[in-house]
Amino acid sequence: MIVIALLGPIYHLLDRADRVRAYAEARRVVRAGGVVLAAAISRCAPMYETLLNGMADRPDFVDMMRAELATGERRGVLDLVGFTTVYFHRPEELPGEVADAGLHLDDLYAVEGMTHWMPDIEQRLSDPDGRALVLELAARTEREPSILGATPHVLVAAHR
């Protein structure tokens, strides 16, 4: 089985048609039954980062955050935030893009999920019991639809 990983192009393409074309190209090169994985960034991710990093006191960040929540787009502001042009998805947009490219969606996964909100995650993962609990909870919630919009990254799993 062949796997194609789109770990970047999907969220750097602002136009839906371009994202569908990227998925379609992955479909073209993957073998029948092959897997296509793609990373998307959640629409709420920049808001969380703004709030978690103490940038909510800066009017330029707040204005940018508001625009991103409304449009899903960030256009070329590398000097401001260290991240360039990007599209932030709502989880419910992803199945349609995948289907329009001729792929079959297997599932969506919350990459960071609840661990993104755990300030002591490194400590927990270094302890065998703590690690077991974190992995159990992650496995129980990684496909939970309500968490997909609250995680910074969503992994798309599809097949040809």
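Below, the structure is looked at part by part. (Residues numbered from 1 in each chain as written. Predicted model: local features only at pLDDT ≥ 70, side-chain atom pairs only at ≥ 80, totals over all residues. Heavy atoms only, no water.)

**Digging into the pattern of salt bridges**
Here is the rule: Whenever Lys or Arg places a side-chain nitrogen within 4 Å of a carboxyl oxygen from Asp or Glu, that contact is recorded as a salt bridge. Counting from the N terminus, the helices are DSSP H or I runs at least four residues long and the strands are E runs at least two residues long. For every residue, the accessible area obtained with a 1.4 Å probe (protein chains only) is divided by the maximum for its type, and the residue is called buried under 20%, exposed over 50%, and partly exposed between those limits.
Applying the stated criterion to the full structure yields 12 salt bridges. Residue R140 pairs with E136 through a salt bridge whose shortest N-O separation is 3.0 Å. Here E136 and R140 lie together in helix α7 (residues 128-141), a separation of 4 residues that amounts to about one turn. By relative accessible area, which is 64% here, R140 ends up exposed.

**Observations concerning the pairing of strand β2 (residues 35-42)**
We apply this condition: A strand pair is defined by DSSP finding two or more bridges across the two strands. A crossover gets the label right-handed when its path from the first strand over the helix to the second runs clockwise, viewed with the strands pointing away from the viewer.
The element β2 is extensively covered by neighbouring structure, given that 7 of its 8 residues are classed as buried. Sheet topology note: the strand β1 (residues 3-6)/β2 ladder contains 4 bridges and is parallel. Paired with V3 across the two strands is V35, which belongs to β2. Crossover handedness for the path β1 to helix α1 (residues 16-29) to β2: right-handed. Where β2 and strand β4 (residues 86-89) come together, 2 bridges link them in parallel fashion. Residue pairing across strands places S42 opposite H89, the latter belonging to β4.

**Description of the nonpolar core**
Basically, it comes down to this: In plain words, nonpolar cores are sets of buried Ala, Val, Leu, Ile, Met, Phe, Trp, Tyr and Cys residues tied together by side-chain atoms within 4.5 Å. Note on contacts: a residue pair qualifies if any of its non-hydrogen atoms lie within 4.5 Å across the two residues.
One finds L6, Y23, V36, L94 and V156 to be the most contacted residues of the largest nonpolar core, which totals 21 residues. When contributions to this core are tallied by element, the ones reaching two or more residues are β1, α1, β2, α5 (94-100), β5 (104-110) and β6 (153-159). Ranked by residue count, the leading element in this core is α1, at 4 residues. Ignoring any residue separated from it by four or fewer positions in sequence, one finds V156 in contact with Y23, V36, L37, A38, L94, V98, L105, D107 and L108.

**Focus on helix α3 (residues 59-71)**
Note the threshold: A helix is expected to reach a length of 1.5 Å times the quantity of its residues less one. The directions considered for the arc run from the helix axis to the C-beta atoms.
Taking 1.5 Å as the rise per residue, α3 with 13 residues should run 18 Å; its terminal C-alpha atoms sit 18 Å apart, in good agreement. For α3, the set of buried residues is F61, V62, M64, M65 and E68. All buried residues of α3 fall inside an arc of 165° around its axis, so they share one side. Residues of α3 that are exposed and point more than 90 degrees away from the buried face comprise P59, R66 and A70. Once α3 ends, the next one or two residues include G72, with phi positive near 80°.

**Details of the environment of A138**
Along the chain, A138 turns up in helix α7. Each C-alpha atom, one on A138 and one on T115, is 7.7 Å from the other, the two residues being 23 residues apart in sequence.

**Quick look at the packing of aromatic side chains**
The geometry of an aromatic ring pair is captured by two quantities: the separation of the ring centres and the angle between the planes. Threshold: Only Phe, Tyr and Trp rings are paired, with Trp represented by its six-membered ring, and only when their centres lie within 6.5 Å; those with planes under 30 degrees apart are stacked, over 60 edge-to-face, the remainder tilted. Each ring is checked for a lysine NZ or an arginine CZ that lies within 6 Å of its centre and within 35 degrees of its normal; such an atom marks a charge sitting over the ring.
Under the criterion given, the structure shown has 0 aromatic pairs. One cation-aromatic arrangement involves R19 over Y87; the distance from NZ or CZ to the ring centre is 3.9 Å.

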